[in-house]
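Chain residues, written in single-letter form:
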Amino acid sequence: MIRINELTKRFPGGKGIFDLTLEVNRGEVFGYLGPNGAGKSTTIRHLMGFMRQDEGKAEIGGMDCWSESDKIQKITGYLPGEIAMFEGLNGIGFLDLMAGLHGQKDDRRDELLERLELDPRVPIRKMSKGMKQKLAIVAAFMHDPEILILDEPTSGLDPLMQRVFVELILEEKKRGKTIFMSSHLFQEIERTADRVGIIREGRLIAVRSVQELLNEQRKAFVVTLGSKSDIDRLIQTGLRVVRRGETTVEIEVQGDLNPLIRSLSDVDVRHLEHKEMDLEEVFMHYYEQREAKE
Ligand SMILES: Nc1ncnc2c1ncn2[C@@H]1O[C@H](COP(=O)(O)OP(=O)(O)OP(=O)(O)O)[C@@H](O)[C@H]1O
C-alpha cells in the first residue's frame, strides 16, 4: 500500500533522509520509530507530497506521492507533527474548514468528538496543547479514510486519552485500515503496530515485527532484597547483574524469564519492578548487532 524506494532528501549540514526503502502492506499498522531529529517527519512530509525528494520514489496505492499528492490526500487522513491552526476559529469552524478543503465527508465527526471528550465550541486560541491534538485527530479520522498517516499522534495527550487513542487505532486496524504512525517511544506503538521501522540519523536501521522486537529486547528488573546476603546469593546464581546498590540489584534478562523467577524464589524479595527499556537502549542493541556484523 505504501512503498518507499531509495528515498533521499538532503538538507544542509548533512541532515535529511538517506536511501530509505520500506513497504507497508494494506491493513497493516506500521510504527515508525526514532529519536528527535531522526527524519520521521521528513519521511511523512514526502508521503503527503509536501516535500519533493532528491532521489528515489514514494508511492501510496500505486500513486506517486509527489505528482499525485492531491489524489493521495483524498484517501488519506493526516495528523501533522506540529499543528498549526487558525487561532481565530473555534473547533467547529476548523473542522468545517478541513472538511470543505478536501471536499470530504465528515460522518464520524460527532462520534470522535464524543470519544475524545472534546468540546468543539471552544475557540482554538483558548485550547490547550492536548485539546488541539484531539481536534487534529478528529480532523484526520472524521472522513473515515482508507490510510492514516500520523506523526507522533499521542504527543500532548494524557494517559487516559492515550488509551482511548490506542483503542481507536485497534478498531481502525480491525476495519482494514492501513496506518503509518511515527513515535519516539516504543511503548507507545508496541500495543498497536504489526511491524516497526527504526530510523536514526536519516537512515533506516531495522525493520522488525513487534513480536520479534519484544523477543529480542532485553528486559530489566530492579529487585529490592531483604539483606546483603540475599544480594550475594542472587548474584551467584549467574543472572546478568547490570547494577548493584545497597539493597537493590538490577538484572537484565533476554528471552526466558524462568531462571530469574526460580532464583528469586530462594531469596527474600521485598520489591520487584519491571524497568521499561527506553528507545536508546533498543537502539544500542541494534547498533551493537550492526557493528558486530561489520
Ligand atoms: N526543511 C528543512 N530544512 C533543513 N533541515 C531540515 C528541514 N526539515 C528537517 N530538517 C532537519 O532534518 C532532520 C530531521 O528532521 P525531522 O523533523 O524529519 O525529524 P523527526 O524524526 O520528525 O524528529 P522530531 O520528533 O523532532 O520531529 C533534523 O535535523 C531537522 O533539523
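The present account deals with the structure reproduced in this document. The residue numbering used here restarts from 1 in each chain and proceeds along that chain's sequence as written. Under the rules for a predicted model, residues below a pLDDT of 70 receive no local features and side-chain atom pairs below 80 are neither given nor counted, while totals for whole chains, interfaces and linings still include all residues. Note that water and hydrogens are dropped before the side-chain values are worked out from all heavy atoms of the structure.

## Examining the packing of helix 3 (residues 91–101) against helix 5 (residues 129–141)
Move 1: Comment: axis = line fitted to C-alpha atoms, over the contacting stretch for helices; angle = value between 0 and 180 degrees taken between N-to-C directions. Secondary structure is summarised from DSSP: a helix means a run of H or I of at least four residues, a strand means a run of E of at least two, and numbering begins at the N terminus for each. Contact geometry for helix 3 and helix 5: axes closest at 10 Å, N-to-C directions at 30°. Between helix 3 and helix 5, the crossing angle belongs to the class labelled roughly parallel. Note on packing geometry: the crossing formed by helix 3 with helix 5 is right-handed. Two secondary-structure elements touch here, helix 3 through Gly91, Phe94, Leu95 and Met98 and helix 5 through Leu135, Val138 and Ala139.
Move 2: Here the nonpolar group is Ala, Val, Leu, Ile, Met, Phe, Trp, Tyr, Cys and Pro; Asp, Glu, Lys and Arg are the charged ones; every other residue, Gly included, is treated as polar. Across the contact of helix 3 with helix 5, the residue classes break down as 6 nonpolar, 1 polar and no charged. Orientation is classified from the angle alone, with under 35 degrees giving roughly parallel, over 145 giving roughly antiparallel, 65 to 115 giving roughly perpendicular, and any other angle giving oblique. Here a crossing is called left-handed whenever its near helix is offset anticlockwise from the far helix by less than a right angle, and right-handed whenever the offset is clockwise. A contact between two residues is defined here by any heavy atoms of the two lying within 4.5 Å.

## Considerations on the site of the ligand
Move 1: If even one non-hydrogen atom of a residue comes within 4 Å of a molecule or strand, that residue is called near it. Close to the ligand lie Phe11, Lys15, Pro35, Asn36, Gly37, Ala38, Gly39, Lys40, Ser41, Thr42 and Glu152, which account for all nearby residues.
Move 2: Between N or O atoms, a polar contact is any pair within 3.5 Å; within protein, one atom must be a potential hydrogen donor and the other a potential acceptor, and residues adjacent in sequence are included only when both atoms are from side chains. The contact in question runs from an oxygen atom of the ligand to an N or O atom on the backbone of Gly39, over 2.8 Å.
Move 3: Between an oxygen atom of the ligand and a side-chain N or O atom of Glu152, the distance comes to 3.2 Å.
Move 4: Protein burial of the ligand: of its 630 Å² of free accessible surface, 65% is covered by the chains.
Move 5: Its residues assigned to classes, the shell around the ligand comprises 3 nonpolar, 5 polar and 3 charged. Using the Shrake-Rupley algorithm and a 1.4 Å probe, accessible areas are obtained, with residue cover drawn only from the displayed protein chains.

## Description of the packing of aromatic side chains
Move 1: Geometry of aromatic contacts follows a simple scheme: Phe, Tyr and Trp rings, the Trp one being its six-membered ring, pair when their centres are within 6.5 Å, and the pair is stacked under 30 degrees between planes, edge-to-face over 60, tilted otherwise. As enumerated under the stated definition, the model contains 4 aromatic pairs in all.
Move 2: Ring geometry for Phe141 against Phe165: centres 6.3 Å apart, planes inclined by 80°, an arrangement best described as edge-to-face. In this pair, Phe141 is assigned in helix 5 and Phe165 in helix 6 (residues 159–174), connecting sequence segments 24 residues apart.
Move 3: Residue exposure (1.4 Å probe, protein chains only): buried if accessible area is under 20% of the type maximum, exposed if over 50%, otherwise partly exposed. Under the relative-accessibility criterion, Phe141 is labelled buried at 1%.
Move 4: Overall, Phe165 belongs to the buried group, its relative accessible area being 2%.
Move 5: An aromatic cluster is defined as three or more aromatic residues linked by ring pairs; in this entry it consists of Phe30, Tyr32 and Phe180.

## Some words on unusual backbone geometry
Move 1: Even without a glycine there, the phi angle at Asp19 is positive, about 55°.
Move 2: Among the secondary structure elements, Asp19 is positioned in strand 2 (residues 16–24).
Move 3: Of the residues examined, Asp19 reaches a relative accessible area of 49% and is grouped as partly exposed.
Move 4: Residues other than glycine seldom take positive phi values, yet Glu117 does so here, at roughly 55°.
Move 5: Looking at where Glu117 falls in the secondary structure, it is placed in the loop between helix 4 (109–115) and helix 5.
Move 6: On the basis of relative accessibility, which here comes to 60%, the residue Glu117 falls in the exposed class.

## Points about the sheet that holds strand 3 (residues 29–33)
Move 1: By the convention used here, strands pair only if DSSP detects at least 2 bridges between them. Pairing is mixed in the open sheet, where 6 strands are placed in the order 6-7-8-3-9-10. The open sheet terminates on both sides in strands that have one partner only, identified here as strand 6 (76–79) and strand 10 (203–209). When the angles between neighbouring strand axes are averaged without regard to direction, this sheet yields 15°.
Move 2: Relative to strand 10, strand 9 (residues 195–200) runs antiparallel, the two sharing 6 bridges. Across the sheet, the residue bridging to Arg200 is Arg203, located in strand 10.
Move 3: Each of strand 3, strand 6, strand 7 (147–150), strand 8 (178–183) and strand 9 touches helix 1 (residues 40–47); the most contacted strand, strand 8, lies at about 150° to it.
Move 4: Each of strand 6 and strand 7 touches helix 5; the most contacted strand, strand 6, lies at about 170° to it.

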